[in-house]
Amino acid sequence: MDSRPSEAELAVKILVAGGFGAGKTTLVGSVSEMRPLRTEEQLTERSIGVDELAGVERKSTTTVAMDFGRITLRTGLVLYLFGTPGQDRFWFMWDELAEGALGAVVLADTRRLADCFASIDYFERRGLPFIIAVNSFDGARPYSPDDIRIALDLDPEVPVVGCDARSRESSKQVLITLMGHVMTAMAKR
Amino acid sequence: MNDHEWLDEEAGPVVRPFALTGGRTRHGASDFDLMTLVVQSSESRYGSLLLGPEHEEILELCRMPVSVAEVASSLDLAIGVVRVLLGDLLTEGRISVRAQAPVAQFPSSRIIKEVIDGLQAL
C-alpha cells in the first residue's frame, strides 16, 4: 500500500470544544451535516463487599456521544468536525480526538466562562492552535473580547470572536478565523 | 398494552453493544483511526467468516471510500464495535484500508488557504 500522503485525499480535522450546553452541537450542525457518533468505553469499577468476589473488577460500559460533521471542500479535501464530549469524565476520549487535529474552536458561554478552562488548558498543553468563539445567548450580557481574554487568561495571540452558533454564516466565519490563526501559528514555528 | 413499555431510553440498549462482536472489544488487525478510509475490496477472496447483518451493512456503506467515523455514525453503532467489525472484514480481505493524510501532519499554507477558500464558498 502506498503510504505517501496523496494530494487526492487530504483530511482536515477540527475539534469543537466548550462546556456542556455552550452550543457545540448547534455549531457543528449549522455548518455541516451533523450526525451523532457514539463510542462505548469500558469502565472498570471495583465492587466492594458485595459477595465473595469482593475486590474483583467488574466491567461495565458507558456510552459517550459526540457530534461529528463532514464538509467536502473539494474533491480530495475534506474537513471533519468533532465535538468533544461535554463532561469531564470523558477526558479519555480527548487524546484520540486531538490526534491529527489541525486546530480547535472553544465555544464560550459568558454566563459560564469557567466551563471552558479545562478545554483551554488541554489545548495549551498539547500545543494545538485554538480560538475562542463567544456564542451569543439571549439574556447574556455582552462582554468585549478584551474582557473575555482577561477573564480566560489567554495569550495575546489567541483570537476571540463573537458568534451565533445557529447561523451558518457566523459558524463559517469562526472556522475561517481558526484557519487564519493556524496559518499564523505555523509561520511562527 | 405493550409488554415492553418498561424498555425505554433509560433502560439502555436491549442488546449490549459488544454482543454484536461476540464480546470482543479489540481486534488486532488495524487501529482504524476515525479518519481512516475503508473501501470494499474489488477482489474479495472467499472468506471463512460468516458475515453478520452489521458486516453486510458496512460492506454496503463502503462501496465508495468512507471514513471509520462515518461508518460508525451511519450505522449508529459505537466506534469500538465498528472497529472490531471492520477488523473482521479486513482479515477476510473484504475491505481495504487507506489512511487519509491529516493536513496537521504536513501543514502547508497553500492547503490552509484552500480550506479557507472552500469554507468561504460554502
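Structure: above.
Residues numbered from 1 in each chain as written. Chains lettered and ligands numbered in written order. Predicted model: local features only at pLDDT ≥ 70, side-chain atom pairs only at ≥ 80, totals over all residues.

Colleague: Can you tell me about helix H1 (residues 24-31) of chain A, naming the residues and giving the values?
Modeller: In terms of burial, H1 of chain A is largely enclosed, as 7 of its 8 residues are buried. Every buried residue of H1 of chain A is listed here: Lys24, Thr26, Leu27, Val28, Gly29, Ser30 and Val31 of chain A. (Buried ≥ 20, exposed ≤ 12 C-beta atoms within 10 Å, placed from the backbone. Helix = DSSP H or I, 4+ residues; strand = E, 2+ residues; numbered from the N terminus.)

Colleague: Explain the environment of Met93 of chain A to me, and be specific about the residues and the numbers.
Modeller: All names here are of chain A. Structurally, Met93 is set in helix H2 (residues 92-98). A residue is classified by how many C-beta atoms lie within 10 Å of it, and Met93, with 16 of them, is partly exposed. C-alpha separation for the pair Met93 and Thr39, spaced 54 residues apart in sequence, amounts to 8.9 Å.

Colleague: Summarise unusual backbone geometry; cite the residues concerned and give the values.
Modeller: The backbone of Asp153 of chain A sits at a positive phi, close to 55 degrees, despite the residue not being glycine. Relative to the elements of secondary structure, Asp153 of chain A occurs in the loop between helix H4 (145-151) and strand S7 (160-163). Residue Asp76 of chain B is not a glycine yet carries a positive backbone phi of 55 degrees. Among the structural elements, Asp76 of chain B can be located in the loop between helix H2 (68-75) and helix H3 (79-91). When the 10 C-beta atoms within 10 Å are taken as the criterion, Asp76 of chain B is described as exposed.

Colleague: Go over the nonpolar core, please, and point to the residues and values.
Modeller: Counting residues in each nonpolar core, the largest one holds 72 residues, and the members touching the most others are Ile14, Val16, Val105 and Val106 of chain A. Not counting residues up to four positions away in its chain, the partners in contact with Ile14 of chain A are Leu79, Leu81, Ala101, Leu102, Gly103, Ala104, Val105, Leu175 and Leu178 of chain A. (Core = buried A, V, L, I, M, F, W, Y, C linked by C-beta atoms within 7 Å. Contact = placed C-beta atoms within 7 Å.)

Colleague: Summarise the pairing of strand S5 (residues 103-108) of chain A; cite the residues concerned and give the values.
Modeller: All names here are of chain A. S5 sits mainly inside the fold: 6 of its 6 residues count as buried. In terms of strand pairing, strand S1 (residues 10-18) meets S5 through 5 bridges, oriented parallel. Note on S5: the bridge partner recorded for Gly18 is Leu107. Strand direction decides the pairing type here: S5 and strand S6 (residues 130-135), joined by 5 bridges, are parallel. Within the sheet, the bridge partner assigned to Val106 lies in S6 and is Ile132. In the classification by handedness, the crossover that spans S5, the intervening helix H3 (residues 117-126) and the parallel S6 is right-handed. (Pairing = 2+ DSSP bridges. Right-handed = clockwise from strand over helix to strand, strands pointing away.)

Colleague: Tell me about the sheet that holds strand S1 (residues 37-40) of chain B, and please be specific about residues and values.
Modeller: Residues and elements named next belong to chain B. An order of S2-S1-S3 is seen for the 3 strands of this open sheet, with the pairing classed as antiparallel. Two strands bound the open sheet, and with one partner strand each, they are strand S2 (66-67) and strand S3 (95-98). Two strands pair when backbone bridges link them, and S1 and S3 are joined in this way by 4 bridges, in the antiparallel orientation. Bridging from a neighbouring strand, Val38 pairs with Val97 of S3.

Colleague: Tell me about the environment of Met35 of chain B, and please be specific about residues and values.
Modeller: Residue and element names in this part refer to chain B. By secondary structure assignment, the location of Met35 is in the segment before S1. On the neighbour-count criterion, Met35 (23 C-beta atoms within 10 Å) is buried. For the pair Met35 and Pro53, spaced 18 residues apart in the sequence, the C-alpha separation amounts to 24 Å.

Colleague: Go over the environment of Tyr122 of chain A with me, naming the residues and quoting the values.
Modeller: Locating Tyr122 of chain A in the fold gives a position in helix H3. Taking C-alpha positions, Tyr122 of chain A is 9.8 Å from Ala98 of chain A, a pair spaced 24 residues apart along the chain.

Colleague: Which residues make up the interface of chain B and chain A, and what values go with them?
Modeller: Contact residues are listed per partner, giving 31 residues for chain B and 36 residues for chain A. When contributions to the side of chain B that touches chain A are tallied by element, the ones reaching two or more residues are H2, H3, strand S4 (101-102) and helix H4 (109-120) of chain B. Tallying contributions element by element places H4 of chain B first for the side of chain B that touches chain A, with 9 residues. Broken down by class, the residue content of the side of chain B that touches chain A amounts to 21 nonpolar, 8 polar and 2 charged. In the sheet, S1 of chain A pairs with S4 of chain B via 2 bridges, with the strands oriented parallel. Residue Leu10 of chain A lies in a different strand from S4 of chain B, and its bridge partner there is Ala101 of chain B. (Nonpolar A, V, L, I, M, F, W, Y, C, P; charged D, E, K, R; others polar.)

Honestly, it's all geometry; don't read function into it.
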